[in-house]
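# Notes for the structure review
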Amino acid sequence: MNQFITFIRKEFYHVFRDSKTLLMLFGLPIVQIVLFGFALSNEIRNAKIAIFDQAKDQTSQQIINRFAASRYFSLQNNISSESQIEAVFQEGKIKLLMIIPSSFEEDLMHSRKASIQFIFDASDPNTASTLQGYANAIIMSYQQDLVAGSNIPLQIIPQTRMLYNPELKGAPTFVPGVMALVLMLICVLMTSISIVKEKEQGTMEILLVSPVNPFLLIIAKAVPYLALSLVNLAVILTLSVTLLDMPINGSLFLLIAESTLLIITALALGLLISNSTANQQAAMLIAMMGMLVPTMLFTGFMFPIENMPIPLQIISHFIPSKWYYIIVKSIMIKGLGIAAIWKETLILLGMALIFLFLSFKKFKTRLQ
Amino acid sequence: MRTLLFLLKKEFKQIFRNKALLPLIFIAPLIQLLILPLAADYEVKNINISFVDHDHSTMSQQLYHKIISSGYFRGVGYGSSYKDALKQIEADQADLIIEIPIGFERNLIRENRQDLFVAINAINGVKAGLGGSYIGQIITDFNQEIRFKWLTSVEQITPGQIEIGSSFWYNPNLNYNMFMVPAILVILVTMICAYMCSLNIVKEKEVGTIEQINATPIKKYQFILGKLIPFWFIGLFIFSVGLFVIARFVYGIVPIGSLLLLYLFLAIYLIALLGMGLLISTMANTQQQAMSVAFFFIMIFMLMSGLFTPIDSMPDWAKLIAYCSPVTYFIDVTRMLVLKGSGMMDIRWHFVIIIIFAIVLNAWALIKYKKTS
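To start, this report covers the structure provided alongside it. As the structure is a prediction and not an experimental result, all values here were calculated from the model.

Cut-offs applied
- Residues numbered from 1 in each chain as written.
- Chains lettered and ligands numbered in written order.
- Predicted model: local features only at pLDDT ≥ 70, side-chain atom pairs only at ≥ 80, totals over all residues.
- Heavy atoms only, no water.
- Helix = DSSP H or I, 4+ residues; strand = E, 2+ residues; numbered from the N terminus.
- Rg over C-alpha atoms; globule rule 2.2 N^0.38 Å.
- Buried < 20%, exposed > 50% of the residue type's maximum accessible area, 1.4 Å probe, protein only.
- Contact = heavy atoms within 4.5 Å.
- Areas by Shrake-Rupley, 256 points an atom, 1.4 Å probe, with all protein chains shown as cover.
- Lys, Arg positive; Asp, Glu negative; His and termini not counted.
- Charge placed at Lys NZ, Arg CZ, Asp CG, Glu CD.
- 1 Å grid on protein atoms, 1.4 Å probe; cavity = no way out; pocket = protein on both sides within 12 Å on 5 of 7 lines; lining within 4 Å.
- Points joined across faces, edges and corners; volume = space filled by probe spheres on them.
- Phe/Tyr/Trp six-rings, centres within 6.5 Å; stacked < 30°, edge-to-face > 60°.
- Lys NZ or Arg CZ within 6 Å of the ring centre and 35° of its normal.
- Buried area = accessible area lost by both parts, 1.4 Å probe.
- Salt bridge = Lys/Arg side-chain N within 4 Å of Asp/Glu carboxyl O.
- Polar contact = N/O pair within 3.5 Å; in protein donor to acceptor, adjacent residues only side chain to side chain.
- Nonpolar A, V, L, I, M, F, W, Y, C, P; charged D, E, K, R; others polar.
- Pairing = 2+ DSSP bridges.
- Core = buried A, V, L, I, M, F, W, Y, C linked by side-chain atoms within 4.5 Å.
- Axes fitted to C-alpha atoms, helices over the stretch in contact; angles between N-to-C directions.
- Parallel < 35°, antiparallel > 145°, perpendicular 65-115°, else oblique.
- Left-handed = near helix turned anticlockwise from the far one by under 90°.
- Disulfide = S-S within 2.5 Å.

Across its full length, chain A holds 15 helices and 5 strands. For 368 residues, the compact-globule estimate of 2.2 N^0.38 gives 21 Å, and chain A exceeds it by more than 25% at 28 Å. For chain A, the residues scored as buried account for 58% of the 368 residues in total. Considering only residue pairs separated by 6 or more positions, chain A has 79% of its internal contacts joining residues 24 or more positions apart. Counting every atom, chain A has about 14,700 Å² of accessible surface; 62% of that belongs to carbon and sulfur. Of the charged side chains in chain A, 26 are positive and 22 negative, and the gap between their average positions amounts to 14 Å.

This part takes up the overall build of chain B. Counting secondary structure elements, chain B contains 15 helices and 5 strands. Taken over the C-alpha trace, chain B has a radius of gyration of 29 Å; the compact-globule value for 373 residues is 21 Å, which it surpasses by more than 25%. With the principal axes as the frame, chain B shows a C-alpha extent of 100 × 45 × 40 Å. Looking at chain B as a whole, 58% of its 373 residues qualify as buried. Pairs at least 24 residues apart make up 75% of the contacts formed inside chain B by residues separated by at least 6 positions. In the form shown here, chain B has an accessible surface area of approximately 15,400 Å², with 64% of it arising from carbon and sulfur atoms. Taking the average place of the 30 positive charges on the side chains of chain B and the average place of its 24 negative ones, the gap between the two points comes to 20 Å.

Moving on to empty space enclosed by the protein. The full count for this structure, using the stated rule, is 2 cavities of 30 Å³ or more. Reported here for the second largest cavity is a volume of approximately 50 Å³. Along its surface, the second largest cavity is lined by Ser41, Asn42, Glu43, Leu168, Lys169, Gly170, Thr173 and Phe174 of chain A together with Asn124, Gly125 and Val126 of chain B. Sorting the residues of the lining of the second largest cavity by element identifies α7 (171–192) of chain A together with α6 (125–150) of chain B as the ones contributing at least two each.

This part takes up the packing of aromatic side chains. Across all of its chains, the model carries 31 aromatic pairs over all chains by this definition. Between Phe67 of chain A and Phe73 of chain A, the aromatic rings sit 5.1 Å apart at their centres with planes inclined by 55 degrees, giving tilted as the arrangement. Take Phe67 of chain A and Phe73 of chain A: they sit in the same class, and that class is buried. Between Phe265 of chain B and Phe330 of chain B, the ring centres sit 5.5 Å apart and the planes meet at 20 degrees, which makes this aromatic pair stacked. Of this pair, Phe265 of chain B sits in helix α11 (residues 259–283) while Phe330 of chain B sits in helix α14 (residues 326–340), and the two are 65 residues apart along the sequence. Residue class for Phe265 of chain B comes out buried when judged on its relative accessible area of 0%. Taking relative accessible area as the criterion, Phe330 of chain B reaches 0% and is therefore assigned buried. These aromatic residues form a ring-pair network of at least three members: Phe239, Phe244, Tyr263, Phe265, Tyr269, Phe330 and Phe351 of chain B. Sitting over the ring of Trp323 of chain A, Lys322 of chain A keeps its end group 4.7 Å from the ring centre. Directly above the ring of Phe179 of chain B sits Arg335 of chain B, whose terminal nitrogen or CZ lies 3.4 Å from the centroid.

Counting residues at the interface gives 117 residues for chain B and 118 residues for chain A. Across the chain B/chain A interface, buried area totals approximately 11,200 Å², and carbon plus sulfur atoms make up 64% of it. The interface formed by chain B and chain A includes 4 salt bridges. Its salt-bridge partner being Lys48 of chain A, residue Asp312 of chain B comes within 3.6 Å of it at the nearest N-O pair. Summed over the shared surface of chain B and chain A, the number is 27 residue pairs in polar contact (both at pLDDT 80 or more). In terms of residue count, α6 of chain B provides more of the side of chain B that touches chain A than any other element does, 15 residues in total. Class assignment of the residues belonging to the side of chain B that touches chain A gives a composition of 68 nonpolar, 33 polar and 16 charged. Where strand β5 (residues 155–163) of chain A meets strand β4 (residues 113–121) of chain B, 9 bridges bridge the pair, whose relative direction is parallel.

Core analysis: the biggest nonpolar cluster contains 178 residues, and Tyr195, Leu303 and Phe308 of chain B have the highest contact counts within it. Take this core: its biggest share by element is 21 residues, from helix α8 (residues 176–207) of chain B. Not counting the four nearest positions on each side in its chain, Tyr195 of chain B is found in contact with Leu285, Met288, Met289 and Leu292 of chain A together with Thr190, Ala294, Phe295 and Ile298 of chain B.

Pairing is mixed in the open sheet, where 5 strands are placed in the order β5(A)-β4(B)-β3(B)-β1(B)-β2(B). A single partner strand is all that each edge strand has here, and the edge strands are β5 of chain A together with β2 (73–79) of chain B. For this sheet the average axis-to-axis angle between neighbouring strands, irrespective of direction, equals 25 degrees. Running at roughly 135 degrees to β4 of chain B, helix α5 (residues 104–111) of chain B makes contact with β5 of chain A together with β3 (96–100) and β4 of chain B of the sheet.

Turning our eyes to something else, we now look at the environment of Thr130 of chain A. All names here are of chain A. Topologically, Thr130 is positioned in helix α6 (residues 125–149). For Thr130, a relative accessible area of 4% translates into the label buried. The spacing of Thr130 and Tyr325 is 195 residues in sequence and 24 Å in space, taken between C-alpha atoms.

Between two packed helices, the angle of one axis relative to the other and the distance separating the axes together describe the packing. All names here are of chain B. The N-to-C vectors of α8 and helix α12 (residues 287–304) enclose an angle of 165 degrees; their axes lie 9 Å apart at closest approach. As the angle between them shows, α8 and α12 are arranged roughly antiparallel. When you trace α8 past α12, the crossing you get is right-handed. Residue-level contacts link Ile187, Thr190, Met191, Ala194, Tyr195, Ser198, Leu199, Val202, Lys203 and Glu206 of α8 to Gln287, Ala290, Met291, Ala294, Phe295, Ile298 and Met302 of α12.

Turning our eyes to something else, we now look at the state of the cysteines. Residue and element names in this part refer to chain B. Counted under the stated rule, the structure contains 0 disulfides over all chains. A disulfide-free cysteine, Cys193 has its sulfur positioned 8.0 Å from the sulfur of Cys197, the nearest such atom. Judged by its relative accessible area of 1%, Cys193 is buried.

What follows concerns the environment of Pro230 of chain B. All names here are of chain B. Within the fold, Pro230 resides in helix α10 (residues 220–250). Taking the C-alpha atoms as reference points, Pro230 and Asn143, 87 residues apart in sequence, are found 67 Å from one another. In this view, Pro230 contacts Leu8, Glu11, Phe12, Ile15 and Leu225; residues no more than four positions away in its chain are not counted.

Residue and element names in this part refer to chain A. Tallied over the full model, the rule gives 15 salt bridges over all chains. Between Lys10 and Glu198 there is a salt bridge, with the nearest N and O atoms lying 3.6 Å from each other. With Lys10 in helix α1 (residues 2–17) and Glu198 in helix α8 (residues 194–201), this pair connects stretches of sequence that are 188 residues apart. What makes Lys10 partly exposed here is its relative accessible area of 24%. Put simply, Glu11 and Lys221 hold a salt bridge, and the shortest N to O gap is 3.0 Å. In this pair, Glu11 is assigned in helix α1 and Lys221 in helix α10 (residues 214–242), connecting sequence segments 210 residues apart. Like Glu11, the residue Lys221 is buried in the burial classification. Here the salt bridges do not stand alone but share partners, grouping Lys10, Glu11, Glu198 and Lys221 into one network.

See the structure below:
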């Protein structure tokens, strides 16, 4: 036991002596949480649109005003002839062109049917279809107001309540996602080179002849990073609550416990990578190339997992941060307890154990 | 020149000898290119709806069927208590609850107006917003139908309808791959070149071989060029395989703009990127440091370059950061050239900016490099 503590102490020295790296390990998550917490959102705001208003009457102006007032759109140039349409799209300046035909108001009043034409830049289909939803909603609500003015009978009026996030902010989706992403990646990254570095520099042999159990040796490698990650976690949580206005509606203790579980899972995964690779470069590239993109996609905060093809949905089950993301949302926003998330917790726990087991196994084969 | 050729030979040999790295350089990106575009789709569909019907009238059932048959929604419950439905929301099984009050049908006819309640899980604000507006549209339609059925005077019913015609240019089928594949290709090339380049030089530092090279008559610029050129070629190679093999044969994407412009941009972009790798290398002492910094920037590039989330929606300070990243410009150019067939005039500013990036990053790296050694 004494030896074990000595080893842990040694590892702490190693980590703390390299102040540049230490600064990064602390600094990067902070910057990233703040940056992404504020900047990222699937919401589309200020999408640039152009208007080809051939009517130039009161009704068309009212509709244009509604678009101008919406936070989703920002009016750019108006165009005045059909020949300009292609050019404004190719310059990449606008996402949507609204064409109001010249007889708009007349059609609406007399034949009770008028039409509006939208052209979307669908090279970005996500944006195009979202904007279509917003644009239709604006026209719909304009029309509804026309109806309301005319005192129509038999009205069904939906009373809509937005649960958990009444202002429809981006933060409740993205902040837990970024938390999961940053914690996961930083932890894997930190431990992924811990063992391979010793292998590469040749100090591993010295460690192996020492009387310490290899099992404890691996654990000792991870302990300082666990401590560091817990500090990171505290900082990340503080930032999320103070700066990014995230609530913690559930138990803080439970949140910390679950986060620790994720950290351990990620550290174990890092150890596994470290034990399975031959040099630092390979370890880092696996940790980076192999982890960054899948973690980002399959955590579920950017793209809904239920939209993905089935094989990818299955892959997503193997990404630890996906389960953590569900847990964080449940605790922080929905205020639920362990009863609601025991399944996710067990999955994370299982993953941690498997990764640890595999990395011990890999490590032992190296001994022979 | 001969020295440089020898150095290049050595670098290529070192890269190709490293059996652990080769698959990471060449195969991993292509696999990612195959998988990622399939995952990157945030279109709002399959909204799970839980219907709480206290009325159990013909009308409430008709409304339920109308909603389910609209295509956007999937019924996950037709229950009698709001509490149960809320539990479904808590467990993420439902996204939206519609509650029909008792006497819905009767009140509507008698009092001429009737409320119904919609509760939406709004943790994902975009999904909630669109889900709410789809439901609003469906209810309005439904209401219109009821009026047609119950009222006789058409004047009362239709106060003037606005028809909406939508056309989708450049990608009429709203095929997400068209948009994602070119951009993901950019990211993969960026990741490979930036990581590899920054790790490669710092490795010589860490292992100590850089001193041996400094002791030889090899000039510094030869050493640096020897380091950069292989990755420049690897970048070109990966991009070409991605574009001409995977994008074309797997996703059926054929660039409609000028390939010459695309490659010209790529060539300059890679120079800028390698300059960044060089800069990171000269500042870092260990591979771990280099990697942490490279990781930091790549992550920012990736998340803030308009790859996944639109730059226009970001707050102004974040836009500023996005426009300070070379990746932003390359993604934009790739999309414009591949999908829209934009010309030189449309992307001239992109060219100016990327050239500035290339010059500044490389110059900075060279100054730093001389000072540190």
